[in-house]
Amino acid sequence: QVQLQESGPGLVKPSETLSLTCTVSGGSISGYYWTWIRQSPGKGLEFIGFIYYSGSTNYNPSLKSRVTISLDTSKNQFSLKLSSVTAADTAIYYCARFYGARLRSGYYYYMDVWGKGTTVTVSS
Amino acid sequence: DIVMTQSPLFLPVTPGEPASISCRSSESLLHSNGYYYLDWYLQKPGQSPQVLIYMGSNRASGVPDRFSGSGSGTDFILKISRVEAEDVGVYYCMQALQSRTFGQGTKVEIK
């Protein structure tokens, strides 16, 4: 059974870069889309972006200028970098897998496996 | 951005009774392929969200059949035919037509 585990610093200073890693166990990172979601009291659940195992990415337009998602297939990991953070970036950050449900033409993707989440606080 | 609005925001329920949650989007969620790009997730206390329904009305693997989703255009409903104690938590709808945005959440508690 596939499991995801987020890791990274729990405290980041304002204006610095938040860096998190999601380790995939019990399955391969290949063949799937992988995503980052965050949850804060102020903004609820917020989609950050996703990456395909080939390396192609898609980001939330509101965060696009600050976000980079990458992956390392050799380590079965994917990562999130969010630059120039402020207190508004304080949140629980989740990684998740997109599962593709087959349609007559193409696929529909929904998040079927989630990590437990990691809390990141932005404070000096 | 497509804005998702859920109602009610708080729903006290009685075990064994039905319950329903409404989700309205600011734009139609009908894709050109004929499917509705709307999911429902449940976040149980202290846990990560888990998928219940995808494409408006399809139950995800392992989801009990007391959960059902319906709707069209901009209006969608999640129904629980007979609430069980384990169904407490916060329910979110999420649109997947343009990027992804979530509703504010509906907190379901046992009366």
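A. Highlighting the overall build of chain A. Along its length, chain A carries 0 helices and 11 strands. A compact globule built from 124 residues would reach a C-alpha radius of gyration of about 14 Å, and chain A, at 14 Å, matches this within 12%. Among the 124 residues that make up chain A, the fraction classed as buried is 45%. Taking the intrachain contacts of chain A between residues at least 6 apart in sequence as the baseline, contacts between residues at least 24 apart amount to 52%. Accessible surface for chain A amounts to roughly 6000 Å². Of this, 47% is attributable to carbon and sulfur atoms.

B. Molecular detail of the packing of aromatic side chains. All names here are of chain A. In total, this model carries 19 aromatic pairs over all chains according to the counting rule given. Centre to centre, the rings of Tyr52 and Tyr53 are 4.6 Å apart; their planes meet at 70 degrees, and the pair counts as edge-to-face. According to the relative accessible area criterion, Tyr53 is partly exposed, its value standing at 34%.

C. Spotlight on the pairing of strand β11 (residues 118-122) of chain A. Residues and elements named next belong to chain A. Residue alternation in β11 divides its side chains into a buried set, Thr118, Val120 and Val122, and an unburied set, Thr119 and Thr121. Examined bridge by bridge, strand β2 (residues 11-12) and β11 share 2 bridges and lie parallel to one another. Bridge assignment links Leu11 to a residue of β11, and that residue is Thr121.

D. Spatial organisation of the interface of chain B and chain A. At the junction of the two partners, chain B supplies 21 residues and chain A supplies 23 residues. Of the roughly 1800 Å² buried between chain B and chain A, counting both surfaces, carbon and sulfur atoms make up 60%. It is B:Pro49, B:Arg100 and B:Phe102 that lose the most area in chain B upon contact with chain A, and together they represent 32% of the buried surface on that side. Viewed at the interface, chain A and chain B are joined by 0 salt bridges. In this assembly, chain B and chain A are joined by 9 residue pairs in polar contact (both at pLDDT 80 or more). Mapped onto the side of chain B that touches chain A, the elements with two or more residues apiece are β4 (38-43), β5 (49-54) and β9 (89-95) of chain B.

Conventions adopted
Residues numbered from 1 in each chain as written. Chains lettered and ligands numbered in written order. Predicted model: local features only at pLDDT ≥ 70, side-chain atom pairs only at ≥ 80, totals over all residues. Heavy atoms only, no water. Helix = DSSP H or I, 4+ residues; strand = E, 2+ residues; numbered from the N terminus. Rg over C-alpha atoms; globule rule 2.2 N^0.38 Å. Buried < 20%, exposed > 50% of the residue type's maximum accessible area, 1.4 Å probe, protein only. Contact = heavy atoms within 4.5 Å. Areas by Shrake-Rupley, 256 points an atom, 1.4 Å probe, with all protein chains shown as cover. Phe/Tyr/Trp six-rings, centres within 6.5 Å; stacked < 30°, edge-to-face > 60°. Pairing = 2+ DSSP bridges. Buried area = accessible area lost by both parts, 1.4 Å probe. Salt bridge = Lys/Arg side-chain N within 4 Å of Asp/Glu carboxyl O. Polar contact = N/O pair within 3.5 Å; in protein donor to acceptor, adjacent residues only side chain to side chain.

Any link to function would need more than the numbers given here.
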